[in-house]
Number of protein chains: 2
Amino acid sequence: MGVPLTDEAELLAGAVRLVQEHTDLPLCIDSSVVEALEAGLAAYEGKALVNSVTCEEDRLERVLPLVKEHGAAIICLVNDETGIPATAEDRLEVCKRLVDAVHGRYEIPLEDIVVDPLAMTVGADPQAVLTTLETIRLIRDEFGLNMTLGASNVSFGLPSRHALGAGFLAVASYAGLTSAIMDARNSQTVDACRAADLLFARDEWAMNWIAAHRQAEAARA
Amino acid sequence: MGVPLTDEAELLAGAVRLVQEHTDLPLCIDSSVVEALEAGLAAYEGKALVNSVTCEEDRLERVLPLVKEHGAAIICLVNDETGIPATAEDRLEVCKRLVDAVHGRYEIPLEDIVVDPLAMTVGADPQAVLTTLETIRLIRDEFGLNMTLGASNVSFGLPSRHALGAGFLAVASYAGLTSAIMDARNSQTVDACRAADLLFARDEWAMNWIAAHRQAEAARA
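As the structure is a prediction and not an experimental result, all values here were calculated from the model.

Trainee: So what exactly am I meant to see when it comes to the domain arrangement of chain A here?
Mentor: The accessible area lost on association of the parts is a frequent measure of interface size. Residues and elements named next belong to chain A. Along its sequence, chain A is organised into domain 1 (1-116) and domain 2 (125-221). For the pair domain 1 and domain 2, the summed buried surface comes to about 1,300 Å²; carbon and sulfur atoms form 71% of the total. When the buried surface of domain 1 facing domain 2 is broken down by residue, Ala88, Leu92 and Val115 rank first, second and third, together holding 35% of it. Counting across the domain 1 and domain 2 interface gives one salt bridge. Between the two partners, domain 1 and domain 2, sit two residue pairs in polar contact (both at pLDDT 80 or more). The greatest single-element share of the side of domain 1 that touches domain 2, amounting to seven residues, is contributed by helix α4 (residues 88-105). The residue makeup of the side of domain 1 that touches domain 2, split by class, is eleven nonpolar, two polar and five charged.

Trainee: Help me understand the sheet that holds strand β5 (residues 146-147) of chain B in this model?
Mentor: In any sheet, the strands associate via hydrogen bonds between backbone groups, in a parallel or an antiparallel arrangement. Residues and elements named next belong to chain B. Strand order across the open sheet formed by five strands is β1-β2-β3-β4-β5, with parallel pairing between neighbours. One side of each edge strand has no neighbouring strand; the edge strands of this open sheet are β1 (28-30) and β5. Sheet strands in contact with helix α3 (residues 57-70) are β2 (49-55) and β3 (73-80), and its direction is about 155° off that of β2.

Trainee: How should the interface of chain B and chain A be read in this particular structure?
Mentor: Each side of the interface is counted separately: chain B has 33 residues, and chain A has 33 residues. Each partner contributes to the roughly 3,000 Å² buried at the junction of chain B and chain A, and carbon and sulfur atoms together form 78% of this total. For the interface between chain B and chain A, the tally reads zero salt bridges. Our enumeration of links across chain B and chain A arrives at four residue pairs in polar contact (both at pLDDT 80 or more).

Rules behind the numbers
- Residues numbered from 1 in each chain as written.
- Chains lettered and ligands numbered in written order.
- Predicted model: local features only at pLDDT ≥ 70, side-chain atom pairs only at ≥ 80, totals over all residues.
- Heavy atoms only, no water.
- Domains from an automatic or database assignment.
- Buried area = accessible area lost by both parts, 1.4 Å probe.
- Salt bridge = Lys/Arg side-chain N within 4 Å of Asp/Glu carboxyl O.
- Polar contact = N/O pair within 3.5 Å; in protein donor to acceptor, adjacent residues only side chain to side chain.
- Helix = DSSP H or I, 4+ residues; strand = E, 2+ residues; numbered from the N terminus.
- Nonpolar A, V, L, I, M, F, W, Y, C, P; charged D, E, K, R; others polar.
- Pairing = 2+ DSSP bridges.
- Contact = heavy atoms within 4.5 Å.
- Axes fitted to C-alpha atoms, helices over the stretch in contact; angles between N-to-C directions.

What follows is the structure in structure tokens.
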């Protein structure tokens, strides 16, 4: 809804109402404007996911009461006033402070926290993906929290992005990622997530894998 | 060369000579018949890779002197007389005994050992791939040895095998697998290996990734 010179709060509330007329799927309400988040949450029926807060005190103070009031879940980015930590250990440290604030101070349940360990492009930093994967592993082992990230960030600026995204999603799932912000229309990346479920014992006897294969076959026929 | 009622030793030696007339690529000499391995190694010019020994004393005693004599490398499967260990810890234990025999007793250099951590189909056992991945991780952390495995085993009996194999290869590479016995003619699985190299900082600035993309583009043009 971030269109310049518009009233983002009004736009977001209108969009939430319109989408909910057409689907019962849960929505993620995403804005950097707190007033827009507030209007979107007020218009939303059901349990929303809010994207997002960082570990910056002024943002936490404004967004978390809204999340608490509406019983929403919240995506928490592991960066703070000083920027994005370069190491996995420092990102884990920010995650600890986020859990202290969101759960400890604002009493939002742990299951409503979705941590974003921050995915960056490997084209700009060869270590970027290894750092993200190590952050995921540490957060899983330390907190066991749900996680999400912008999967396509990894391949930004590179060719054959879907093949790269597919590999990344499978490995991130192994490390402990539990969801992703991704294009669900692309079969290669969706297949990678389904493959991960099967490979890591979350799709026993390949029931979902085989069903998806049959559905694709039927669609081609 | 395992054709019934033929002289496998003669066939294998002949095949080695014939292939070496056409390519300088290194060969893997694969037979369960020790006499065939012996004939193949004698015919081979260069450093061969022998597939394989298990941790069974009578096999080790017959195969390892040949490997040592010809300065070959050897694929070591982490199973013994009792079969394939069910847990990663037990496979690591077999790996230790293999290293003791191959390196300790027969003085074959550690860099000539290629461990096969054993990949099994996830269609028959939901935990199969997790066990293989954990075995890879343990062997990497404990010994830092090269590893290989039959990648397509994982998807045996299932549909969309290449998509499953691609996800597996990316994750196995993350866990520490350094090579695979795989069909190098399939672009999906080869792309997964190239993606793994890029994602795990073994293809800095994506030089190989971009070159492969351009080559594929040129082939399509």
